[in-house]
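Results of the structural survey
The lines below spell out each chain.
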Amino acid sequence: MDVNSRRFMVSLVLATMASSLSVRPSSAQSSSSSCASHTFSGNQLYGSCASLPRLGATLHYNYTAPTSTVAVAFRAPLASGAGGGGKGWVAWGLNPSGSGMVGTQAVVAFRHSNGSLVAYPTVLDSYAPSMAPAAAKDLALPVSGVSVEEHAAGGSGNKEVVLYATVALPAGKGSKFNHVWQQGSSVVGDVPAAHPTTGDNILSVGSIDFSE
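The present account deals with the structure reproduced in this document. (Residues numbered from 1 in each chain as written. Predicted model: local features only at pLDDT ≥ 70, side-chain atom pairs only at ≥ 80, totals over all residues. Heavy atoms only, no water.)

Counting residues in hydrophobic clusters, the biggest one holds 29 residues, and the most contacted among them are Leu59, Phe74, Trp92, Leu94, Val167 and Phe210. Mapped onto this core, the elements with two or more residues apiece are strand E2 (58–64), strand E3 (69–78), strand E4 (89–95), strand E5 (104–111), strand E7 (143–153), strand E8 (158–168) and strand E9 (176–184). For this core, the element with the most residues is E3, which contributes five residues. Dropping the residues within four chain positions of it, Phe74 is found in contact with Leu52, Ala57, Thr58, Leu59, Val90, Ala91, Trp92, Val161, Val162, Leu163 and Trp181. (Core = buried A, V, L, I, M, F, W, Y, C linked by side-chain atoms within 4.5 Å. Buried < 20%, exposed > 50% of the residue type's maximum accessible area, 1.4 Å probe, protein only. Helix = DSSP H or I, 4+ residues; strand = E, 2+ residues; numbered from the N terminus. Contact = heavy atoms within 4.5 Å.)

Next comes the structure, spelled out in structure tokens:
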């Protein structure tokens, strides 16, 4: 697949996510024991969690108000592509300045063609971004501690990805932000390919107050 084709596929992904953001964001926070009782590897502990209403995803977080930082663990099922094997991708991101996709800073995770799990921050500066790892100087929200794990989910052979990151939030902007989470079933040329454009994939958007 050539570069223009891959950019077109990514554009489809982001255009759909952008259209989903035109839906009025809804708060998606919960103190449900189903997320609060989750055990992480390395004994990481998170004081708050949100059972997100779409795609079976969950966001766990620790918000530190004095430093305006939030440490997150984003959990989501890994969709299987053709032939299975968990060949999909997951992503979670914040828009620090608006409700559209352009300006969103996301963290994306998938299995690289070399077999390794990869995760990195990327800047969505247009509807056809490169989806390449962003340089630190290009991040409006500095990100650290990015890592990813994959675990069996249930007894059906499904997999769940846990994506970790610490995000420095903009000073003076409070603790409430628009966020988007997404799941796709394939990665082409080590670039996340278009997700479905129906159902939960176009409704996976909301607002979150990290102070709650």
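Quick look at the environment of Thr64 now. Mapping Thr64 onto the fold places it in strand E2. Residue Thr64 is classed as partly exposed on the basis of its relative accessible area, which comes to 35%. Here the alpha-carbon distance between Thr64 and Ser175, two residues 111 residues apart in the chain, equals 9.9 Å.

So, about the sheet that holds E5. An order of E6-E5-E4-E9-E12 is seen for the five strands of this open sheet, with the pairing classed as antiparallel. Whereas interior strands pair on both sides, the edge strands pair on one side only; in this sheet they are strand E6 (117–124) and strand E12 (205–209). Sheet twist, expressed as the mean angle between neighbouring strand axes with direction ignored, is 25 degrees. Two strands pair when backbone bridges link them, and E5 and E6 are joined in this way by eight bridges, in the antiparallel orientation. From the neighbouring strand, Arg111 faces E6, where its bridge partner is Leu117. (Pairing = 2+ DSSP bridges. Axes fitted to C-alpha atoms, helices over the stretch in contact; angles between N-to-C directions.)

Purely geometric stuff here, so don't read any function into it on its own.
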